[in-house]
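Understanding the architecture of this molecule
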Amino acid sequence: MTAYGDLPVPYTEIPYYAQLALGAISAAHERGYLLMVMPSSLSPWMWLNTPMDGVIHVDPRADDPVRSLLRERGVPMVCDGRPPQPHWGDVWVDIDYDAGLRLLLDHLTEAGARRIALSQPLHDNEYPHLIGRAYAS
C-alpha cells in the first residue's frame with residue numbers, strides 16, 4: 001500500500017483498504033497461498049530481497065520506487081485501478097469512477113444538495129485525475 005509524505009498511514013483503519021486487504025487475504029487462503037500486507041515505506045533492500053511470487057500494488061504513485069524495484073526483479077503485479085503511467089504489460093483491476101460518482105452525486109441531489117463541491121487529495125496517483133474528470137462530466 002502506497003505511503004504519502006513522511007507520516008505512516010494506518011491503512012487498516014480505513015474501511016476501503018481494510019476490506020481490500022481482508023478480501024485479498026481470504027481469496028489467497030482459499031487458493032492455498034499466503035498473502036502478506038506490507039507498506040511501500042519498507043526499505044528498498046526489503047523489496048529487492050523478500051521472496052515473493054506476486055504483488056497486489058495498492059494506489060501506485062507515478063514515481064513509486066516499489067513499482068520500479070518490482071519491475072526490475074520481474075515480480076508480477078496487479079494494481080487496484082489504473083497506474084499513473086502504465087507500461088506495456090501492466091495489469092490492473094479498473095474502477096468505474098464515472099458510474100460511482102454519478103450514483104453519489106444523484107444521492108446527494110435527491111437528499112437536497114444543490115451546490116456539491118469536490119475535495120480531493122493532492123498526490124500523484126491516478127485517482128484525483130479520474131475523479132476530477134468524472135466530477136466535471
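Take the packing of helix α4 (residues 97-110) against helix α5 (residues 127-136) next. Viewed as axis vectors pointing N to C, α4 and α5 meet at an angle of 55 degrees, and their least axial separation amounts to 9 Å. By the criterion of interaxial angle, the relationship of α4 to α5 is oblique. For the pair α4 and α5, the crossing hand works out as right-handed. Contacts from Y97, D98, L101 and L105 in α4 reach Y127, L130, I131, A134 and Y135 in α5. Residue composition of the contact of α4 with α5, by class: eight nonpolar, no polar and one charged.

Moving on to the nonpolar core. The biggest cluster of nonpolar side chains holds nine residues, and these are M38, W47, M52, V55, V66, L69, L70, V75 and M77. In terms of residue count, the dominant contributor to this core is helix α3 (residues 65-73) (three residues). The residues touching V55, leaving out its near neighbours within four places in the chain, are L70, V75, P76, M77 and V78.

Let's shift gears to the pattern of salt bridges. By the definition in use, this model includes three salt bridges. R67 is the partner of D90 in a salt bridge, and the nearest nitrogen-oxygen pair spans 2.9 Å. In this pair, D90 is assigned in the loop between β2 (77-80) and β3 (91-93) and R67 in helix α3, connecting sequence segments 23 residues apart. Look at the salt bridges and you will find they share partners, linking R67, R71 and D90 into a network.

On to the confidence of the model for the protein chain, then. With 91% of its residues at a pLDDT of 70 or more, the protein chain shows a mean pLDDT of 84. Confidence, expressed as mean pLDDT per element, reaches its minimum in the protein chain at helix α2 (residues 44-49) with 81 and its maximum at α4 with 93.

Our next topic: the sheet that holds β3. Here we have three strands laid out as an open sheet, ordered β1-β2-β3, and parallel in their pairing. Edge positions in the sheet fall to β1 (55-57) and β3, since each has one partner strand and no second. The sheet shows a mean angle of 30 degrees between the axes of neighbouring strands, taken without regard to direction. Pairing of β2 with β3 involves three bridges; the strand directions are parallel. Residue pairing for β3: C79 is matched across the bridge by W92.

The rules behind the values
Residues numbered from 1 in each chain as written. Predicted model: local features only at pLDDT ≥ 70, side-chain atom pairs only at ≥ 80, totals over all residues. Heavy atoms only, no water. Axes fitted to C-alpha atoms, helices over the stretch in contact; angles between N-to-C directions. Helix = DSSP H or I, 4+ residues; strand = E, 2+ residues; numbered from the N terminus. Parallel < 35°, antiparallel > 145°, perpendicular 65-115°, else oblique. Left-handed = near helix turned anticlockwise from the far one by under 90°. Contact = heavy atoms within 4.5 Å. Nonpolar A, V, L, I, M, F, W, Y, C, P; charged D, E, K, R; others polar. Core = buried A, V, L, I, M, F, W, Y, C linked by side-chain atoms within 4.5 Å. Buried < 20%, exposed > 50% of the residue type's maximum accessible area, 1.4 Å probe, protein only. Salt bridge = Lys/Arg side-chain N within 4 Å of Asp/Glu carboxyl O. pLDDT = per-residue confidence, 0-100. Pairing = 2+ DSSP bridges.

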